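Per-entry structural report
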Amino acid sequence: MRALVISDIHANLPALEAVLAAAPQYDAVWNLGDIVGYGANPNEVVELARSLGGIVVRGNHDRACSGNLRYGEFFDFSQHARYSISWTRKALREENTKWLSRLARGPVRPLGRKVACVHGSPQDEDEYILGGEVAREAFRASCARIILCGHTHGQYGWSSNRRRLDLLKPDFDSRTGAVRFELPLRTGNRYLLNPGSVGQPRDHDWRAAFAVYDDNEAMFTWHRVPYKVLTAQRRILRAELPEILATRLRDGT
Ligand code: ZN
């Protein structure tokens, strides 16, 4: 089976459409959360994400935008994030708010014990796995062989075995067009892999990021695809969301 792995769409409809158009054939979609927040098309993106079926794990913005927050947690978000959360709450249609509020908390396991899908980390849905130490903890906290996580908006991962922990990053041969990077999954290793962000990349590459997990071929492929970023930016400005949410899309920051 082959899964399309997407995360952190953040209400960016042109980016999601480009990803779906560029994705190779797949049997299921595994969505690691943060469907809304920051971008200007929350309803359209929720409806498209819903129509894809498959697995959807909730992200922190999905919780915040559907009113599903712990006391005081709203103030953990940055000022721009808070503004966009308030904007999104008003913009969302009721049925979409309801759908977001009922999303599953990770880990969700689409293939039995083998794969765990989380937004942040297996031990904490809001944790950012940015360094080796937290990656090590994530491997300890889960018994899944492959952990798929989002939340940091970067395309990278780690492989782990009894002797070592290795940082993994795609090495694309172009900075402009559609590109892919294949990572063969070795039998003796465990993996922690982030597909990157569809709608708000922060790894200095503006192209929409996604990945494909192929269970039969034991292969994880990172993809990057150009999308209509000017359209996404124009919609953010027209919605009177903070300007920085539009400018950062062009820089991938
Ligand atoms: Zn996010």
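Scroll up to find the structure.
What counts and how
Residues numbered from 1 in each chain as written. Predicted model: local features only at pLDDT ≥ 70, side-chain atom pairs only at ≥ 80, totals over all residues. Heavy atoms only, no water. Salt bridge = Lys/Arg side-chain N within 4 Å of Asp/Glu carboxyl O. Buried < 20%, exposed > 50% of the residue type's maximum accessible area, 1.4 Å probe, protein only. Disulfide = S-S within 2.5 Å. 1 Å grid on protein atoms, 1.4 Å probe; cavity = no way out; pocket = protein on both sides within 12 Å on 5 of 7 lines; lining within 4 Å. Points joined across faces, edges and corners; volume = space filled by probe spheres on them. Nonpolar A, V, L, I, M, F, W, Y, C, P; charged D, E, K, R; others polar. Pairing = 2+ DSSP bridges. Helix = DSSP H or I, 4+ residues; strand = E, 2+ residues; numbered from the N terminus.

We now examine the pattern of salt bridges. Note that side chains of opposite charge can pair when their charged atoms are close. Inspection of the entire model under this criterion finds 16 salt bridges. A salt bridge links Glu73 to Arg70; the shortest N-O distance between them is 3.4 Å. Look at Glu73 and you get buried, because its relative accessible area is 7%. Taking the shortest distance from any N to any O, the salt bridge between Lys114 and Asp215 comes out at 2.8 Å.

A few words on the state of the cysteines. In the structure shown here, the tally under the stated rule is zero disulfides. Free cysteine Cys117: the closest other cysteine sulfur is in Cys149, separated by 10 Å.

Before going further, it helps to spend a moment on empty space enclosed by the protein. Summed over all chains, the structure comprises two cavities of 30 Å³ or more. In this structure, the largest cavity occupies an estimated 50 Å³ of space. Considering the residues around the largest cavity, the lining is formed by His10, Asn12, Tyr38, Gly39, Gly199, Gln200, Ile236, Leu245 and Leu249. Residue composition of the lining of the largest cavity, grouped by class: four nonpolar, five polar and no charged. The calculated volume of the second largest cavity comes to roughly 40 Å³. Every residue lining the second largest cavity is listed: Ala11, Asn12, Gly39, Ala40, Asn41, Ala232, Arg235, Ile236 and Leu249.

All right, on to the sheet that holds strand 8 (residues 179-184) then. Two pairing modes exist for strands in a sheet, parallel and antiparallel, and in both the strands are linked by backbone hydrogen bonds. Read across the open sheet, the six strands follow the order 3-2-1-10-11-8; overall the sheet is mixed. Pairing within the sheet leaves two strands with one partner each, and these edge strands are strand 3 (55-56) and strand 8. Two elements, strand 1 (residues 2-6) and strand 10 (residues 208-214), share four bridges in a ladder whose sense is antiparallel. Residue pairing in the sheet places Leu4 in a bridge with Val212 of strand 10.

The next thing to look at is the layout of surface pockets. When its volume is computed, the largest pocket comes out at roughly 250 Å³. Taken together, 15 residues make up the lining of the largest pocket; nearest its centre are Gln155, Pro170, Asp203, Asp205 and Arg224. Looking at side-chain class alone, the lining of the largest pocket contains three nonpolar, five polar and seven charged residues. A volume near 200 Å³ is recorded for the second largest pocket. Around the second largest pocket, the lining is made up of 16 residues, and of these Asn60, His61, Phe77, Tyr128 and His151 lie nearest the centre. The biggest single contributor to the lining of the second largest pocket is helix 3 (residues 60-65), with three residues. Looking at the lining of the second largest pocket residue by residue, the class counts come to four nonpolar, six polar and six charged.

Nothing here speaks to function; it is all geometry.
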